[in-house]
Amino acid sequence: MILYTPLSQEEIFPQQHEAIANRHCVVFQGKSMYVEQKEDGSYQLLQLLSTDPEDFMNDAYSPGTILS
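Residues numbered from 1 in each chain as written. Predicted model: local features only at pLDDT ≥ 70, side-chain atom pairs only at ≥ 80, totals over all residues. Heavy atoms only, no water.

I tried to follow the sheet that holds strand β3 (residues 43-49) on my own but got confused; where do I start?
Two modes of strand pairing occur in sheets, parallel and antiparallel, and in both the strands are linked by backbone hydrogen bonds. The 4 strands are arranged β1-β2-β3-β4 in an open sheet whose pairing can be described as antiparallel. Since the sheet does not close on itself, it has two edges, and those belong to β1 (23-28) and β4 (66-67), each with one partner. By the bridge criterion, 2 bridges tie β3 to β4 in an arrangement that is antiparallel. Bridge pairing in β4 places Tyr43 opposite Leu67. (Pairing = 2+ DSSP bridges. Helix = DSSP H or I, 4+ residues; strand = E, 2+ residues; numbered from the N terminus.)

Structure, rendered in structure tokens:
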């Protein structure tokens, strides 16, 4: 089976509810993205959701970036 979706495999087939409980879809600086809230209250970028190829060239939207 092939799924054509921008979602990751973990989002479609979650292993445990606790593993994704801190993940949210947010709009930050006008860009939609999935983030994970860390224990210290900060947010780490997991996935950028955009149709603009230039957004992916911007280092500020790289996966793993801590959003401030």
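Mind showing me how you'd approach the environment of Gln29 here?
Mapping Gln29 onto the fold places it in the loop between β1 and β2 (31-37). Using a relative accessible area of 55% as the deciding quantity, one classes Gln29 as exposed. For Gln29, the side chain forms a polar contact with the side chain of Tyr61, separated by 3.2 Å. (Buried < 20%, exposed > 50% of the residue type's maximum accessible area, 1.4 Å probe, protein only. Polar contact = N/O pair within 3.5 Å; in protein donor to acceptor, adjacent residues only side chain to side chain.)

Whenever I open this one, the pattern of salt bridges confuses me. Can you help?
If the charged atoms of two oppositely charged side chains come close together, the side chains can form a pair. In the structure shown here, the tally under the stated rule is 2 salt bridges. A salt bridge links Asp55 to Lys31, with the shortest nitrogen-to-oxygen separation between them at 3.1 Å. Of this pair, Asp55 sits in helix α3 (residues 53-57) while Lys31 sits in strand β2, and the two are 24 residues apart along the sequence. The salt bridge involving Lys38 is made with Glu36; its shortest N-O contact spans 3.5 Å. (Salt bridge = Lys/Arg side-chain N within 4 Å of Asp/Glu carboxyl O.)

Before we go on, may I ask you to explain the pairing of β3 in this structure?
It is a general feature of regular strands that their side chains alternate between the two faces of the sheet. In this sheet, β3 lies alongside β2 in antiparallel orientation, the contact comprising 6 bridges. Considered in β3, the bridge of Glu36 is made with Gln44. Between β2 and β3, which pair antiparallel one after the other, the connecting turn spans 5 residues, and Gly41 there sits at a positive phi close to 95°.

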